[in-house]
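Below, each chain spelled out in residue letters.
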Amino acid sequence: MTAGALADEFPTVSRPAVSKHLRILREAGLVVAEQAGREWHYTLDTSLLADIQRTWMSVFVPMFDASLDELRRHAESRSHMSEEKLDRGRHLAR
Amino acid sequence: MTQVSPYHVRRSVWIDASSDTVWSHFESFEAMRTWYGIGHQLAAYEARLGGHVVTLVDIDGTTHRFSGDVVHFEPGREITFEQFWEGSSWLGPTSVTIRLSELDGGTLVELFHHGYERLGEPVGEMLDGFESGWTNRHVHALRELVHA
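Residues numbered from 1 in each chain as written. Chains lettered and ligands numbered in written order. Predicted model: local features only at pLDDT ≥ 70, side-chain atom pairs only at ≥ 80, totals over all residues.

Peer 1: Which parts of the structure should I look at to understand the overall build of chain B?
Peer 2: Scanning chain B from N- to C-terminus turns up four helices and seven strands. The order of α-helices and β-strands along chain B, N terminus first, is β-α-α-β-β-β-β-β-β-α-α. The 148 residues of chain B split such that 28% are buried. Sequence-distant contacts in chain B: of pairs separated by 6 or more residues, those separated by 24 or more amount to 37%. (Helix = DSSP H or I, 4+ residues; strand = E, 2+ residues; numbered from the N terminus. Buried ≥ 20, exposed ≤ 12 C-beta atoms within 10 Å, placed from the backbone. Contact = placed C-beta atoms within 7 Å.)

Structure below.
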């Protein structure tokens, strides 16, 4: 998206202010600017976000996996126990 | 239904039990702690909208606290709670969304960890503690932008 098009999205913000914000985002590594002729095109730099996610994945994913397995263990054993009770009840009723 | 952002972790499990049976494990702190606490520790959990959730996570020998409130509570269907890393310079919390749906006579449980785009912090600073080109000036500027 060009700076101009971006500025159009924020009609209440002045052009210099939009440029200033874009510069901050560029310095923060969240936005990549490429020149195409006389215009600058801005794109969201997803690699930083992907980096953040990757680090936390290595911490949280094993925990989540272990928790979900435990949930399955508990829920299935409770479910099977109540099925057994039903079966016994049917058996006695015959 | 909670909107899960594009940056997320998704884990799932299919359980041979009804969604009512599965949901019963979300209905109290004691029930939740029997399973959501393996590999981390559930220190607080209130099964209601606005309820407080605290987890303790051990990372390389140090215990870290994550806390936040339940922002979505739909019994039998979905729960979402926020988790903010206490004492960190995260600009916002991440979210945990757990969704139940009936599938093949059992229950599909999906867990999404999302909201990474709210953190506003590079990987290096978070766990390694080395400078990655961000300075406080940039963080404050970004915060002002986000709140504008």
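Peer 1: Just to check I follow, could you spell out the overall build of chain A for this structure?
Peer 2: Of the regular secondary structure elements, chain A holds three helices and two strands. Ordering the α and β elements of chain A from the N terminus gives α-α-β-β-α. Considering chain A as a whole, with its 94 residues, one finds that 14% of them fall into the buried category. Considering only residue pairs separated by 6 or more positions, chain A has 25% of its internal contacts joining residues 24 or more positions apart.

Peer 1: For this particular structure, what's the right way to read the nonpolar core?
Peer 2: Among the nonpolar cores identified, the biggest contains 24 residues, and Leu71 of chain A together with Ile15, Val22, Val109 and Leu111 of chain B are the most heavily contacted of them. Among the elements of the structure, α3 (46–93) of chain A together with α1 (19–23), β5 (78–85), β6 (94–103) and β7 (106–114) of chain B are those that each provide at least two residues to this core. Per-element tally for this core: the top contributor is α3 of chain A, with five residues. If we ignore the near neighbours within four places in the chain, the residues touching leucine 71 of chain A are Val13, Ile15, His25, Trp35 and Val109 of chain B. (Core = buried A, V, L, I, M, F, W, Y, C linked by C-beta atoms within 7 Å.)

Peer 1: Please explain the confidence of the model for chain B as it appears in this structure.
Peer 2: When pLDDT drops low, the exact placement of atoms in the prediction is not to be read closely. All names here are of chain B. Here chain B shows a mean pLDDT of 82. Residues at 70 or above account for 79%. Low confidence marks residues 123–139, where pLDDT is under 50. Its contacts with residues over four positions away, or in another chain, come to 20 contacts. Among the prediction metrics, the complex's ipTM stands at 0.77, with pTM recorded as 0.67. (pLDDT = per-residue confidence, 0-100.)

Peer 1: What's the story with the sheet that holds strand β1 (residues 8–15) of chain B in this structure? I'm lost.
Peer 2: In any sheet, the strands associate via hydrogen bonds between backbone groups, in a parallel or an antiparallel arrangement. All names here are of chain B. Strand order in this open sheet of seven strands is β1-β7-β6-β5-β4-β3-β2, and the pairing throughout is antiparallel. Each having just a single partner strand, β1 and β2 (41–45) make up the two edges of the open sheet. Mean inter-strand twist for the sheet, computed between neighbouring axes without regard to direction, equals 20 degrees. (Pairing = 2+ DSSP bridges. Axes fitted to C-alpha atoms, helices over the stretch in contact; angles between N-to-C directions.)

Peer 1: Just checking my understanding: could you explain the confidence of the model for chain A for this structure?
Peer 2: With 82% of its residues at a pLDDT of 70 or more, chain A shows a mean pLDDT of 79. Of all secondary-structure elements in chain A, the lowest mean pLDDT belongs to helix α2 (residues 15–27) of chain A, at 77, while strand β1 (residues 31–36) of chain A reaches the highest, 81.

Peer 1: Would you take a moment to explain the pairing of β7 of chain B for this structure?
Peer 2: It is a general feature of regular strands that their side chains alternate between the two faces of the sheet. Residues and elements named next belong to chain B. By the bridge criterion, eight bridges tie β1 to β7 in an arrangement that is antiparallel. Across the sheet, the residue bridging to histidine 8 is histidine 114, located in β7. Where β6 lies against β7, nine bridges are found, and the strand directions are antiparallel. Looking at the pairing, leucine 103 lines up with glycine 106 of β7.

Peer 1: Can you help me understand unusual backbone geometry in this one?
Peer 2: As a rule of thumb, non-glycine residues mostly have phi less than zero, and peptide bonds are mostly trans rather than cis. All names here are of chain B. The backbone of aspartate 104 sits at a positive phi, close to 50 degrees, despite the residue not being glycine. Assignment of secondary structure puts aspartate 104 in the loop between β6 and β7. On the basis of neighbour count, aspartate 104 is assigned to the exposed category, with 8 C-beta atoms found within 10 Å.

Peer 1: What's the story with the pairing of strand β3 (residues 52–59) of chain B in this structure? I'm lost.
Peer 2: All names here are of chain B. By the bridge criterion, four bridges tie β2 to β3 in an arrangement that is antiparallel. Residue leucine 42 lies in a different strand from β3, and its bridge partner there is threonine 55. Hairpin connection, β2 to β3: the antiparallel pair is bridged by six residues, and glycine 50 has positive phi, about 90 degrees. Pairing analysis gives eight bridges linking β3 to strand β4 (residues 62–74), with the strands arranged antiparallel. Looking at β4, one finds that valine 54 is bridged to serine 67.

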